[in-house]
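Each chain, written out:
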Amino acid sequence: SANEAPHLERRGVYVRRCDIPPGHRTHLHGVPLASAEWTIIELAEHLALLDLVGVIDSALHLHHTTVDRIRATMRKGRRGVRVLRRALDLVDGRSESWWESMLRLLHVLSGFRVEPQHHVFNAAGIEVARVDLRILGSNRVPEYDGADHRQRARHEDDLRREKALARAGLERFGYIATEIIHSPDLVIRDAEDVLGLPHAAGRLQVWRAEARLASISLAGQKALRGRLERFVRTTSPRSKTPSGAN
């Protein structure tokens, strides 16, 4: 609870005092924690939609909670409940990383049907790969490529995997974070092309609006810092002179 928690004074750490319901108090290695679903309820008061989906995707993937448990914890009228409802309609625990979630959301919010962690089998029925994303109705598999993909061992594995995908009739398009942030129109143009759809600038309207509010944009980062600033103490309780001291 708020009264039991010690004061934490550390640069870059924001402390929010809150009363955690008894049913959502737990311990990990002796450290008192709030349940994953209660933590998500609290975060929903401060995070934008894309950020909240990324957090919930991770919690679901790690089996720390479920959508049903999160919904059961929601309280009508609580701040953040609207964005949380929207987030729960978009989450998918199959996403294995933050940027996989963002790449998936870029496609979904632009109107494309996708399957995360799609399993690929060869003609003999043997699984040859599992891909980040497959655009349904096409042979395109968009994937997020982090910096580790250029390490020698990983690069060699990637080359073998790409050939296996090509033999299975699939076309892999790798994207990096800067493309998702700064060139979402090119990512979506690729999806339009593979489905034979005409280019429509309006497809990105929802994504752009949400990205401006989220931490993947400078404006979103600034807004989030502003929301968190109210938890910053202007004076430290440690700096106060104890009563009776000289």
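Here the structure is shown first, and the text comes after it.
A short tour of the structure in this document, coming up. (Residues numbered from 1 in each chain as written. Predicted model: local features only at pLDDT ≥ 70, side-chain atom pairs only at ≥ 80, totals over all residues. Heavy atoms only, no water.)

Some details on the packing of aromatic side chains
Rule in force here: Aromatic rings from Phe, Tyr and Trp, taking only the six-membered ring of Trp, are treated as a pair when their centres fall within 6.5 Å; an angle between ring planes under 30 degrees marks them as stacked, one over 60 as edge-to-face, and anything in between as tilted.
Applying the stated criterion across every chain yields a total of two aromatic pairs. Centroid distance F173 to Y175: 6.4 Å. Interplanar angle 55 degrees. Geometry classified as tilted.

Structural notes on the pattern of salt bridges
Note the following rule: Salt bridges, as used here, are contacts in which a Lys or Arg side-chain nitrogen is within 4 Å of a carboxyl oxygen on Asp or Glu. The way it works is that DSSP assigns letters per residue, a run of H or I at least four long becomes a helix, a run of E at least two long becomes a strand, and they are numbered from the N terminus. The buried label applies to any residue whose accessible area, calculated with a 1.4 Å probe on protein chains only, is under 20% of its type's maximum; exposed applies above 50%, and partly exposed to all values in between.
A full pass over the atoms with the stated rule returns 17 salt bridges. Notably, a salt bridge pairs D89 with R71, separated by 3.6 Å at the nearest N-O pair. On the criterion of sequence distance, the pair formed by D89 in the loop between helix 4 (81-88) and helix 5 (98-109) and R71 in helix 3 (residues 67-73) is long-range, its members being 18 residues apart. Exposure remark for D89: the relative accessible area of 62% places this residue in the exposed category. E192 is paired through a salt bridge with R189; the nearest N and O atoms lie 3.9 Å apart. Of the two residues, E192 and R189 are both situated in helix 8 (residues 184-195); the distance of three residues between them amounts to about one turn of the helix. Taken together, the salt bridges that share partners define one network made up of E143, D145, R161, E162 and R172.

Brief notes about the pairing of strand 4 (residues 127-135)
Selection rule: When DSSP locates at least two bridges between a pair of strands, those strands are taken to pair.
Pairing geometry for strand 3 (residues 114-121) and strand 4, over seven bridges, is antiparallel. Its bridge partner lying in strand 4, E115 is registered against R134. Following strand 3, the chain reverses through five residues before pairing antiparallel with strand 4; G125 in that reversal takes a positive phi of roughly 85 degrees.

Quick look at the environment of G80
Rule in force here: Contact definition: two residues touch when any of their heavy atoms are within 4.5 Å.
Along the chain, G80 turns up in the loop between helix 3 and helix 4. The buried category is assigned to G80, whose relative accessible area is 19%. Excluding residues that lie within four positions of it along the chain, G80 makes contacts with A44 and E45.

Details of empty space enclosed by the protein
Rule in force here: Definitions used throughout: a 1 Å grid over protein atoms alone; a cavity as a set of points that fits a 1.4 Å probe which cannot get out; a pocket as an open set with protein on both sides within 12 Å along at least five of seven lines; a lining residue as one with an atom within 4 Å of a point. Grid points are joined across faces, edges and corners, and a volume is the space filled by probe spheres set on the points. Note on residue categories: nonpolar means Ala, Val, Leu, Ile, Met, Phe, Trp, Tyr, Cys or Pro, charged means Asp, Glu, Lys or Arg, and polar means any other residue, Gly included.
With the rule as written, the count across this model stands at one cavity of 30 Å³ or more. Approximately 50 Å³ is the volume found for the largest cavity. Every residue along the wall of the largest cavity is listed here: I41, A44, M74, R75, R78, R79, G80, V81 and L84. When its residues are assigned to classes, the lining of the largest cavity shows five nonpolar, one polar and three charged.

Quick word on helix 9 (residues 205-213)
Basically, it comes down to this: The arc in question is the one traced by the directions running from the helix axis out to the C-beta atoms.
Of all the positions in helix 9, only W207, E210 and A211 are classed as buried. Seen from one end, helix 9 has its buried residues packed into an arc of 105 degrees, which puts them on one side. Opposite its buried face, helix 9 presents the exposed residues Q205, R212 and L213, each directed more than 90 degrees away. On its buried face, helix 9 is in contact with helix 2 (49-61), helix 4, helix 5, helix 7 (177-182) and helix 8.

Describing the nonpolar core
The line we're drawing: Only buried residues count toward a nonpolar core, which is a set of Ala, Val, Leu, Ile, Met, Phe, Trp, Tyr and Cys residues joined through side-chain atoms within 4.5 Å.
If you look at the biggest cluster of nonpolar residues, it comprises 45 residues, and the most contacted ones within it are L50, L52, I56, L84, I180, W207 and I216. Top element by residues in this core is helix 2. It accounts for seven residues. Residues contacting L50, with those up to four places away along its chain left out, are W98, M102, L105, L109, W207, E210, A211, A214 and I216. Formed by six residues, the second largest nonpolar core is a distinct cluster that contains V120, V131, L165 and L170.

Comments concerning the environment of R113
With respect to the secondary-structure elements, R113 resides in the loop between helix 5 and strand 3. Once residues lying within four places of it in the same chain are set aside, the contact partners of R113 are R134, I135 and L136.

What to know about the packing of helix 5 against helix 8
Applied cut-off: Orientation is described by axes fitted as lines to C-alpha atoms, over the contacting stretch for helices, and by angles from 0 to 180 degrees between their N-to-C directions. For any helix crossing, the convention is left-handed if the near helix is rotated counterclockwise from the far helix by under a right angle, and right-handed if that rotation is clockwise.
Packing of helix 5 against helix 8 brings their axes to within 10 Å, and their N-to-C directions diverge by 65 degrees. Crossing of helix 5 over helix 8 shows right-handed handedness. Taken together, the residues of helix 8 that come into contact with helix 5 (itself represented by L103, L106 and H107) are P184, V187, I188 and A191. For the contact of helix 5 with helix 8, the residue count by class is six nonpolar, one polar and no charged.

Examining a nonpolar patch on the surface
Just so we agree on the cut-off: Like charges within 9 Å and nonpolar side chains (Val, Leu, Ile, Met, Phe, Trp, Tyr) within 5 Å are joined into patches, using only residues over 30% in relative accessible area that form no salt bridge. The Shrake-Rupley method, run with a 1.4 Å probe sphere, supplies the accessible areas, and residue values consider only the shown protein chains as cover.
Where nonpolar side chains cluster on the molecular surface, the patch consists of L28, V31 and L33 and spans about 240 Å² of accessible area. Counting through the fold element by element, L33 comes out in strand 2 (residues 31-34). Exposure remark for L33: the relative accessible area of 35% places this residue in the partly exposed category.

Re the pairing of strand 1 (residues 25-28)
Where strand 1 lies against strand 2, four bridges are found, and the strand directions are antiparallel. In the sheet register, R25 faces strand 2, and the bridge partner there is A34. Where strand 1 hands over to strand 2, the hairpin turn is made up of two residues, of which H29 adopts a positive phi near 55 degrees.

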